[in-house]
Amino acid sequence: MSLTTDVSETTGLPPGSPPKEHSRVTPRGPRRFGRQRKERFFQWLFLVPAVIYMALFFGYPVVKNVVMSFQDYTTATFFTGEAPWVGFANYVTVLSSSLFSTSLLNTALFTIGSILGQFVIGLALAIFFQRKFPLNGILRSLLLLPWLLPLIVSSAVWRWILDKDSGALNRFLGDIGIIDTGVPWLTSTSLALIAVVGVNIWIGIPFNLTILYGGLQEIPDELYEAGSLDGATGWKSFRHITWPMLRPVVSVVLVLGVVYTLKVLDIILGLTNGGPANSTQTIATQSYDLSFHEFKFGEGAALGNVLVIISLVFAVLYLRASRRAVDE
């Protein structure tokens, strides 16, 4: 065998052809690293507007509110710029006031009643709308109207409906013979909080319906078919299939609902303004009164921070309990 044949067999070239030049391998590591750094730079660049927006419109008010709660911040501060540091005096004042216990109890009753009503009715409607029937989509769209209306508009409408003398609700109850005289829905110390809770339930049902309905749509139909073969129908199907699969969505709905309900202000101010006799006064409305009626901005800020802490504590405890239940 000749040398030419050996070379051709080794290099894979036909005999007599010139040998290939070795390809030059360029290092790709530095170039790839530089490209990754450039992409990361642009990623952070796109986040800068969002970060600036969050810092200005969320971060600064929170920090300012915390600082204000430790100062004697009054109307004179706007002219002099002086706000003496008082430490925890504002917190001691608002927490030791006789109105705080009433506001705390009303806040708890208002939140628990609103969340239970919104969630139960929202879940029932979500399950109902899972069925296919004519005008299903139109009815679901109409149920979103309370959620889309401005809260001050809803409050004004419900204030007219619940009016003692000329309210639509009392007229209706009187026409069907249930009552003889007008019921003081918004002026009775025993009924005002119930009326406010009812209005808040009406406003919050669409949110619960929308989120829970979306969660129900994500549950595979195969699970219900398999469950029906094992006898899991009706309540058993809901207990063993629907509820476990819907639990993550339920956690989101309840946490957001509680956080939102704790800070409800527009509805109470529009309906009762915290009255009568502070029977509908909550921590949110008390903080508003301290800040914008009595102009005690430091005490109002302190009470607002108390409300934030309550919301955070509930959210953390509930999410930890939900995660533990899912892990088990």
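From a predicted model like this one, the values you see are computed outputs, not experimental measurements.

1. Description of the overall build of the chain
(1) Moving on: Each helix and strand counted, the chain has 15 helices and zero strands in total.
(2) Moving on: Sequence separation of 24 or more characterises 66% of the internal contacts of the chain that already satisfy a separation of 6 or more.

2. Description of unusual backbone geometry
(1) Moving on: Following Gly275, the chain continues to Pro276 via a peptide bond in cis, the omega torsion being -5°.
(2) Moving on: Positioned with a positive phi, Asn273 is a non-glycine residue whose angle comes to about 60°.
(3) Moving on: On the secondary structure map, Asn273 appears in the loop between helix H13 (266-271) and helix H14 (283-292).
(4) Moving on: Of note in this structure, Phe295 is not a glycine but carries a positive phi near 60°.

3. Re the packing of aromatic side chains
Within a pair of aromatic rings, the relevant descriptors are the distance that separates the centres and the angle that separates the planes.
(1) Moving on: In this structure the tally under the stated criterion is 19 aromatic pairs.
(2) Moving on: With a centroid separation of 5.5 Å and an interplanar angle of 80°, the aromatic rings of Phe78 and Phe297 are classed as edge-to-face. A residue pair is termed long-range when its members are at least 10 positions apart, and Phe78 in helix H3 (residues 77-80) and Phe297 in helix H15 (residues 297-327) qualify at 219 residues.
(3) Moving on: Exposure remark for Phe78: the relative accessible area of 56% places this residue in the exposed category.
(4) Moving on: Phe297 gets classed as buried once you look at its relative accessible area, which sits at 12%.

4. Quick notes on helix H10 (residues 192-217)
(1) Moving on: Across its 26 residues, H10 extends 38 Å between first and last C-alpha, which sits within 8% of the 38 Å expected from 1.5 Å per residue.
(2) Moving on: Along H10, the largest kink reaches about 35° and is centred on Gly204; proline Pro206 follows within four residues of it.

5. Describing the confidence of the model for the chain
(1) Moving on: When pLDDT is averaged across the chain, the result is 85; 89% of the residues are at 70 or more.
(2) Moving on: Predicted confidence for residues 1-11 stays below pLDDT 50, and this span has eight contacts to residues more than four positions away or in other chains.
(3) Moving on: Throughout residues 20-26 the model reports pLDDT below 50, and contacts reaching past four residues in sequence, or to other chains, amount to one contact.

6. A word on a nonpolar patch on the surface
(1) Moving on: A cluster of nonpolar side chains, namely Phe41, Phe42, Leu45, Phe46, Val48, Ile52, Tyr53, Met54, Leu56, Phe57 and Phe58, defines an oily patch on the protein surface of about 1200 Å² accessible area.
(2) Moving on: By the secondary structure assignment, Leu56 is in helix H2 (residues 29-68).

7. Comments concerning the nonpolar core
(1) Moving on: With 30 residues, the main nonpolar core has Phe119, Leu123, Ala126, Leu212, Leu246, Val250 and Leu303 as its most contacted residues.
(2) Moving on: Where this core is concerned, the elements lending two or more residues are helix H4 (89-96), helix H5 (98-128), H10, helix H12 (235-262), H14 and H15.
(3) Moving on: The biggest single contributor to this core is H12, with eight residues.
(4) Moving on: If we ignore the near neighbours within four places in the chain, the residues touching Ala126 are Leu209, Leu212, Tyr213 and Leu216.
(5) Moving on: With 17 residues, the next largest nonpolar core counts Ile161, Leu162, Ala195 and Val264 among its residues.

Procedures and definitions
- Residues numbered from 1 in each chain as written.
- Predicted model: local features only at pLDDT ≥ 70, side-chain atom pairs only at ≥ 80, totals over all residues.
- Heavy atoms only, no water.
- Helix = DSSP H or I, 4+ residues; strand = E, 2+ residues; numbered from the N terminus.
- Contact = heavy atoms within 4.5 Å.
- Phe/Tyr/Trp six-rings, centres within 6.5 Å; stacked < 30°, edge-to-face > 60°.
- Buried < 20%, exposed > 50% of the residue type's maximum accessible area, 1.4 Å probe, protein only.
- Expected span 1.5 Å × (residues − 1).
- Bend = angle between axes of the 7 residues up to and from the residue.
- pLDDT = per-residue confidence, 0-100.
- Patch = residues over 30% accessible without salt bridge, like charges linked within 9 Å, V, L, I, M, F, W, Y side chains within 5 Å.
- Areas by Shrake-Rupley, 256 points an atom, 1.4 Å probe, with all protein chains shown as cover.
- Salt bridge = Lys/Arg side-chain N within 4 Å of Asp/Glu carboxyl O.
- Core = buried A, V, L, I, M, F, W, Y, C linked by side-chain atoms within 4.5 Å.

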